[in-house]
Amino acid sequence: MQNKGLIRLFAILFGVVSIYQLSFTFITSKLEGDAETYAISQISEAEEDYVAKREALEASYLDSIGPASVFGFTNYNDAKTKELNKGLDLKGGINVTLQISVKDILKGLANNTKNPVFNKALADADTASKNSDNTYLELFFEAFDNIKGETKLASPDIFANKGLSDDINFQMTDDQVKPVIRRKIDESIVSAFEVLRERIDGFGVTQPNIQREGNSGRILVELPGARDIARAQELLSSTAQLEFWETYPQSNQSLGQFFINANERLKDILEPETQEGEEVSKPESEIDSLLSDVAQDSLDLTPQVNPLLSKLIPTNPGSHAIARALVSDTAEIGSYLRMPQIRRLLPNDVQFAKFLWERPAKDVEVAELFALKSNRDAIPRISGDVVSDAQDTFDQFNKPAVSMTMNTRGAKEWEKLTSDAFNNQTGIAIVLDNKVYTAPGVSTGPISGGRSEITGTFTVNETKDIANVLRAGKLPASAEIIQSEVVGPSLGQEAIDSGFMSFMIAMGFVLIWMIFYYGKAGIFADIALIFNIVLIFGVLTSLGAVLTLPGIAGIVLTIGMSVDANVLIFERIKEELARGKGKSQAVADGFSNALSSILDANITTGLTAIILFVFGSGPIKGFATTLLIGILTSLFTAIFITRLMVDSYIAKKGRSLEFSTPITKNLFKNLSINFLGKRKIAYVISAILVGVGAFSLFTTGLQQGVDFVGGRSYQVRFEKAVNPSEIASELNTVFGSGTNVKTFGEANQIKVTTPYKVDVEGIEVDTEIQNKLYTSLQKYLPDGTSFEDFTVGASEKSIGILQSVKVGPTIADDIKKNAFLAIIGSLAVVFLYILLRFRKWQFSLGAVIAVFHDVMIVLGIFSITGKIMPFNMEIDQAFIAAILTVIGYSLNDTVVVFDRIREIVTLKGWNNGENINQALNSTLSRTLNTSLTTLIVLLAIFVFGGESLRGFMFAMIVGVLVGTYSSVFIATPIMFDALKKKIGSLATA
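All values derive from a computational prediction rather than experimental measurement.

A.B. asks: Looking at this model, I keep getting lost on the overall build of the protein. Mind explaining?
C.D. replies: Counting secondary structure elements, the protein contains 30 helices and 22 strands. Scored against the burial criterion, the 989 residues of the protein give a buried share of 55%. With an accessible surface of roughly 43300 Å², the protein has 57% of that area assigned to carbon and sulfur atoms.

Structural data, given as structure tokens:
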């Protein structure tokens, strides 16, 4: 091998840089461990809320040592930014996909026009978006073109308005206006992206990730390590729509009469339906119907004598609210007050009154209802855009508050509003995202200067977040959470432990096996393998890539697959030695002859990994990333590092290096199995397997996870074993049919999947579902378990919801489409690569049919055994990753076999297929060796890698077994049969 010195230098530098990069991870882990030990020593478990107190003390400890030098070249703060990023499934936290409402942006650009053509086009776009892959904007343009008649986009009451006067004029055609609107939409989404980035920066999470997803208006946000999940969700979905309104006094007689009339009207509306036992029809998936849905659910229970007045409670004297109610009743009352037939009962002097609830404090059971002085267009007296600065502070009673400073225009409007409130003896409601945070009165006359304060029952974190979102500004449109994943910290730690366990077991087996099979040469392969692992982690850290649990699986799989290169090399060296060559020449020829197979095998696997990276998301990208990095580092260590060590060892006189042990020396020697002669039997066996699997797929189908059908799933753990069938029966009563409950791992753990309100977005519905889960499962929980204990939160808990996933139906369709494209794309790319590499379409045909055969058998086995296996067998993104990996592995095997066939046939000809049999026999040692090590590695992950990976690993185990079989008994025979017709000299084998 030439340039040994350069390669040695490069290897040393590569290793040193990787160790340097990994050192930051070890430093932060050590210091965070010290902080945890310190917090535990200072705060006893006997103290109330000890977990939160320990977390606060840990943070304080790390802040105090943050700038202090560590080992003379870094400090904790610096090391934290350079450590290996751990993903959501290893660290806990929240991952959400936000959909910025393009509809809201369009309405804003058109100044909320009442133009009927414009609003009809929006409604048509809403309908079309449910069954189309086009963007909402393109659907709007299409709908507008279909119904516009003489109306133009550049009409004065649509886009040719004062706000867009610099860009759009009355003379412009629709085709001229459309690019302007596209640009404005993109600018608004960029603005939303920057607003969210500023909010996240102020949230205090290390290593957050925020990125746009193409031109779809979707923004992906990952907050690994976020403990207060509810706070994070509120921060991300809040539009920060700040408004200032004047209130009606509780003594207003018109409002009092309205509530009496509304109560009587509701009796007529509700009682006939409940008496006849008819269900109130639920509105469709508009977000505005959320609270109405909740109300209607309750209406089915019992008719109310006074459906409205019985739920209202007189408010305290001096309050600027008009009534109070139990928090549990607010949704139902709100749905009544929004009914058109009830709104029509409002007297003329209060006909535009806007009813809003206060934001109730935690653990408070009663909320106040405010009536705000509104107008026909529901425009507030002052909006939040006048706020120039906001800071979290403390009020005169030393309670957390938010102080705001307004600009010049805002100061004038604030003075006028406070003057009116003083003269009318009313309150000023400060409203953020349709919740009244405070409604103080004005007792000293008009307030000048533009300073105001939001007070209430806040925590310090809440005032920090409110000030943060006000400073960052409001989102240009609503942001709905269409996909989310929440992982509790305890589950993340369990994933780390299980991942480390599977990693060590797989590593240990491979190291021992290589020494057992190849003796002293196996030691060199082991050293290269360990160096390979260091490089993988070093590169991951250097690139800032995120390590996920599937990523660990990818690394562990790389351990098994990286052995393949060394096996190929060592087997070729053994062949060269058997031909009587000297050690040095045999090593040189062995590495040289194996190179073609190694490159072909890794390129095909790499191509599938690239497709997986392009079409995958979240943890699956992590799997693809580590697989790609592992392929590259494996090639480097096998081809160069192993070669350096072997050459250095045999260069010294008197040293003997055997590539086998006494036990393995004669294994697989002189084999002469007639594989082609058995191909008809193999065809029959495969036809039966594929046929049975296809029949099951068409009749039974597959268990699709929420990734593909939409819905919500919850991983819930209890103290004792529970009966999933019993729980399923209870939850189907609560959520309706379609709710699925199954044991997930141990008998005390279940996975609940429900399509309930899958079309409805918003934190409110998430909370509603968790409340229903908590109420239904409370009898299985230990006494005293609160709702906060049950939901995913900050505590290092061992019961309750450990993980939750929500996927909206729109994004589920996108995931399903991407999965299909990924599989089809990988088959097409591989067909083309093999065609270019082997120059005969028959090779490509054999490889693709073998891969299709493997995929069909894996799908068939999942369909047949899906309901009887004691672990999760749902089809989700992880399963698609497994299928693509199976495709890559099967091709890896097939390409190695094809390479050897091409080599031998080129030298000796076809010889009635005998030389093909010889090629298959000569690669059998490598095929079985690689398959065995890979299977053991996969079994280690399957057994020790955690419940969430079992279905993923099962698919890959089946795939490796079937892929090994198909490369020998399907791909090669099909290639041979296809070529027989072309080469007339061939006889039937």
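A.B. asks: I would appreciate a short explanation of unusual backbone geometry in the present structure.
C.D. replies: The phi angle at asparagine 111 is positive, at roughly 55°, despite the residue not being glycine. In this fold, asparagine 111 is placed in the loop between helix H5 (102-109) and helix H6 (116-129).

A.B. asks: Can you walk me through the packing of helix H27 (residues 841-865) against helix H28 (residues 877-908) in this structure?
C.D. replies: Any two packed helices are characterised by the angle at which their axes cross and by the distance between the axes. Two numbers describe how H27 lies on H28: the axes approach to 10 Å, and their chain directions differ by 145°. Handedness of the crossing formed by H27 with H28: right-handed. Contacts between H27 and H28 pair Phe843, Ala847, Val851, Asp854, Val855, Val858, Leu859 and Phe862 from the former with Phe879, Ile883, Val886, Ile887, Ser890, Leu891, Thr894 and Phe898 from the latter. Tallied by class, residues from the contact of H27 with H28 come to 13 nonpolar, two polar and one charged.

A.B. asks: When you look at the confidence of the model for the protein in this model, what are you seeing that I'm missing?
C.D. replies: Overall, the prediction assigns the protein a mean pLDDT of 79, with 87% of residues at 70 or greater. Averaged over each element, pLDDT in the protein is lowest for helix H11 (residues 290-299) (38) and highest for strand E9 (residues 354-357) (91). When the criterion is pLDDT under 50, residues 273-304 qualifies, and its contacts beyond four places in sequence or with other chains add up to 56 contacts. Under a pLDDT of 50 for its full length, residues 985-989 has, in the predicted model, 12 contacts with residues more than four places off or in other chains.

A.B. asks: In this structure, what is going on with helix H17 (residues 520-543)? I would like to understand it.
C.D. replies: Each full turn of the α-helix corresponds to 3.6 residues, which orients residues three or four apart in the same direction. Taking 1.5 Å as the rise per residue, H17 with 24 residues should run 34 Å; its terminal C-alpha atoms sit 35 Å apart, in good agreement. One or two positions beyond H17, positive phi appears at glycine 544, with a value near 70°.

A.B. asks: What is the right way to read the packing of aromatic side chains from this model?
C.D. replies: The relation between two aromatic rings is expressed through the spacing of the ring centres and the mutual angle of the planes. Applying the stated criterion across every chain, the model contains 28 aromatic pairs. A ring pair is formed by phenylalanine 570 and phenylalanine 659, whose centres lie 5.3 Å apart and whose planes are at 55°; its orientation type is tilted. Of this pair, phenylalanine 570 sits in helix H18 (residues 549-578) while phenylalanine 659 is found in the loop between helix H20 (619-651) and helix H21 (679-699), placing the two residues 89 residues apart along the sequence. Of the residues examined, phenylalanine 570 reaches a relative accessible area of 0% and is grouped as buried. By relative accessible area, phenylalanine 659 is classed as buried at 2%. Feature note: the residues Phe509, Trp513, Phe516, Tyr517, Tyr518, Phe570 and Phe659 constitute an aromatic cluster, connected by ring pairs.

A.B. asks: Quick question: what am I supposed to make of the sheet that holds strand E11 (residues 382-383) here?
C.D. replies: Picture the strands of a sheet paired through backbone hydrogen bonds; they go either parallel or antiparallel. Reading across the sheet, the four strands line up as E11-E7-E14-E15 and stay open at both edges, with antiparallel pairing between neighbours. Among the strands making up the open sheet, the edge pair consists of E11 and strand E15 (435-438). Bridge analysis of strand E7 (residues 242-246) against E11 gives two bridges, and the strand direction is antiparallel. Bridging across to E11, phenylalanine 244 finds its partner in isoleucine 382.

A.B. asks: Looking at this model, I keep getting lost on the pattern of salt bridges. Mind explaining?
C.D. replies: Think of it this way: side chains of opposite charge can pair up when their charged atoms draw near. Considering all chains together, one arrives at 37 salt bridges under this definition. Ionic pairing is found between lysine 311 and glutamate 332, a salt bridge with its closest N-O pair at 3.8 Å. Residue lysine 311 is located in the loop between H11 and strand E8 (323-326), and its partner glutamate 332 is located in helix H12 (residues 330-338); the two are separated by 21 residues in the primary sequence. Here glutamate 332 falls in the buried class, since its relative accessible area comes to 9%. For arginine 926, the salt bridge is made with aspartate 893, and the minimal N-O distance between the two is 2.5 Å. One end of the pair, arginine 926, is in helix H29 (residues 914-944); the other, aspartate 893, is in helix H28, and 33 residues separate them in sequence. Given a relative accessible area of 3%, arginine 926 falls into the buried group. Residues joined in a network through salt bridges with shared partners are Glu246, Lys373, Arg381, Lys416 and Asp420.

A.B. asks: Teacher, can you tell me more about the sheet that holds E8 here?
C.D. replies: Here we have three strands laid out as an open sheet, ordered E8-E10-E9, and antiparallel in their pairing. Lying at the two open borders of the sheet, with one neighbouring strand each, are E8 and E9. Ignoring which end each strand starts from, the neighbouring axes of this sheet average 30° apart. One ladder, built from four bridges, connects E9 with strand E10 (residues 366-372); its direction is antiparallel. From the neighbouring strand, lysine 354 faces E10, where its bridge partner is leucine 372. Packing against the sheet, H12 makes contact with E8, E9 and E10, and its axis sits at approximately 175° to E9.

A.B. asks: Just checking my understanding: could you explain the packing of H28 against helix H30 (residues 950-980) for this structure?
C.D. replies: It is at 8 Å that the axes of H28 and H30 come closest, and there the two elements cross at 30°. What the angle tells us is that H28 and H30 run roughly parallel. Here the hand of the crossing between H28 and H30 comes out right-handed. A per-class count over the contact of H28 with H30 returns 15 nonpolar, nine polar and one charged.

A.B. asks: Please clarify how the pairing of E15 should be interpreted in this entry.
C.D. replies: Sheet faces and side chains relate simply in a regular strand, where the side chains alternate between the two faces. In terms of strand pairing, strand E14 (residues 428-432) meets E15 through three bridges, oriented antiparallel. Bridged to leucine 432 within E15 is lysine 435. Hairpin connection between E14 and E15: a loop of two residues separates the two successive antiparallel strands, and aspartate 433 in this loop has a positive phi of roughly 50°.

A.B. asks: Quick question: what am I supposed to make of a nonpolar patch on the surface here?
C.D. replies: Together, Leu667, Phe668, Leu671, Ile673 and Leu928 line one region of the surface with nonpolar side chains, adding up to about 350 Å² of accessible area. Among the secondary structure elements, leucine 667 is positioned in the loop between H20 and H21.

A.B. asks: Whenever I open this one, the pairing of strand E17 (residues 479-487) confuses me. Can you help?
C.D. replies: Counting buried residues along E17, eight of its nine residues qualify, which places the element largely inside the surrounding structure. When strand E4 (residues 93-100) meets E17, the two strands line up antiparallel, connected through eight bridges. The residue bridging isoleucine 100 from the neighbouring strand is alanine 479, located in E17. By the bridge criterion, five bridges tie E17 to strand E22 (residues 800-807) in an arrangement that is antiparallel. Bridge pairing in E22 places glutamine 483 opposite valine 807.

A.B. asks: What's the story with the nonpolar core in this structure? I'm lost.
C.D. replies: Across soluble globular proteins, you tend to see nonpolar side chains buried next to one another. Phe570, Ile834, Phe879, Ile887 and Phe952 are the most contacted members of the largest nonpolar core, which totals 135 residues. If you tally residues by element for this core, the top one is H28, at 17 residues. Sequence-distant contacts of phenylalanine 952, defined by excluding residues within four places in its chain, comprise Ala553, Phe623, Ala878, Ala881 and Ala882. Formed by 48 residues, the second largest nonpolar core is a distinct cluster that contains Ile94, Leu98, Leu164 and Ile168.

A.B. asks: Please explain the environment of valine 851 as it appears in this structure.
C.D. replies: Here valine 851 lies in helix H27. Residues valine 851 and isoleucine 883, 32 residues apart in the sequence, show an inter-C-alpha distance of 9.9 Å. Dropping the residues within four chain positions of it, valine 851 is found in contact with Leu827, Ile887, Ser890 and Leu891.

A.B. asks: Explain the side chain of serine 925 here, please?
C.D. replies: Along the polypeptide, serine 925 turns up in helix H29. At a separation of 3.3 Å, a polar atom in the side chain of serine 925 contacts the side chain of tyrosine 517. Sequence-distant contacts of serine 925, that is, excluding residues within four places in its chain, are made with Tyr517, Glu571 and Phe668.

A.B. asks: Quick question: what am I supposed to make of the environment of leucine 938 here?
C.D. replies: Checked against the element boundaries, leucine 938 lands in helix H29. Using a relative accessible area of 0% as the deciding quantity, one classes leucine 938 as buried. Along the chain, leucine 938 and methionine 953 lie 15 residues apart, while their C-alpha atoms are 6.3 Å from each other. When neighbours within four sequence positions are excluded, leucine 938 is seen to be in contact with Leu557, Met953, Met956, Ile957 and Val960.

A.B. asks: What should I look at first to understand the environment of threonine 753 in this one?
C.D. replies: Its location among the elements puts threonine 753 in strand E21 (residues 749-754). Residues threonine 753 and lysine 806 lie 53 residues apart in sequence; the distance between their C-alpha atoms is 9.7 Å. The residues touching threonine 753, leaving out its near neighbours within four places in the chain, are Val706, Arg712, Ser713, Gly738, Thr739, Asn740 and Glu874.

Cut-off values and rules
Each chain carries its own residue numbering, running from 1 in the written order of its sequence. Where totals are concerned, whole chains, interfaces and linings use all residues; where local detail is concerned, this predicted model gives features only for residues with pLDDT of at least 70, and gives and counts side-chain atom pairs only at 80 or more. The side-chain figures draw on all heavy atoms in the structure; neither hydrogens nor water molecules are used. Strands are runs of DSSP state E lasting at least 2 residues, helices are runs of H or I lasting at least 4, and numbering of each runs from the N terminus. Buried means the residue's accessible area, taken with a 1.4 Å probe over protein chains only, is under 20% of the maximum for its type, while exposed means over 50%, and partly exposed covers the values in between. Each accessible area is a Shrake-Rupley result for a 1.4 Å probe, and residues are judged covered by the shown protein chains and nothing else. Whenever a helix is involved, its axis is fitted only over the stretch in contact; in every case the axis is a line through C-alpha atoms, and angles between N-to-C directions fall within 0 to 180 degrees. Crossing handedness is read from the near helix: turned anticlockwise from the far helix by less than a right angle, it gives a left-handed crossing, and turned clockwise, a right-handed one. Here a residue-residue contact requires only that any non-hydrogen atoms of the pair lie within 4.5 Å. Note that Gly is not counted as nonpolar here; it falls among the polar residues with everything else outside the nonpolar set of Ala, Val, Leu, Ile, Met, Phe, Trp, Tyr, Cys and Pro and the charged set of Asp, Glu, Lys and Arg. A score from 0 to 100, pLDDT tells how confident the predictor is in each residue. Here a helix's expected span is defined as the number of its residues, less one, multiplied by 1.5 Å. Stacked, tilted and edge-to-face pairs are distinguished by plane angle, under 30 degrees for stacked and over 60 for edge-to-face with tilted covering the rest, among Phe, Tyr and Trp rings (Trp via its six-membered ring) whose centres lie within 6.5 Å. Two strands make a pair as long as DSSP finds a minimum of two bridges between them. The salt bridge definition used is simple: a Lys or Arg side-chain nitrogen within 4 Å of an Asp or Glu carboxyl oxygen. By definition in this entry, angles of less than 35 degrees are roughly parallel, angles greater than 145 are roughly antiparallel, angles of 65 to 115 are roughly perpendicular, and the rest are oblique. The patches described consist of residues with a relative accessible area above 30% and no salt bridge, like charges being joined within 9 Å and nonpolar side chains (Val, Leu, Ile, Met, Phe, Trp, Tyr) within 5 Å. Put simply, buried Ala, Val, Leu, Ile, Met, Phe, Trp, Tyr and Cys residues joined by side-chain atoms within 4.5 Å make one nonpolar core. Counting of polar contacts relies on pairs of N or O atoms within 3.5 Å, with two restrictions inside protein: one atom must be capable of donating a hydrogen and the other of accepting it, and residues adjacent in sequence are counted only when both atoms are side-chain atoms.

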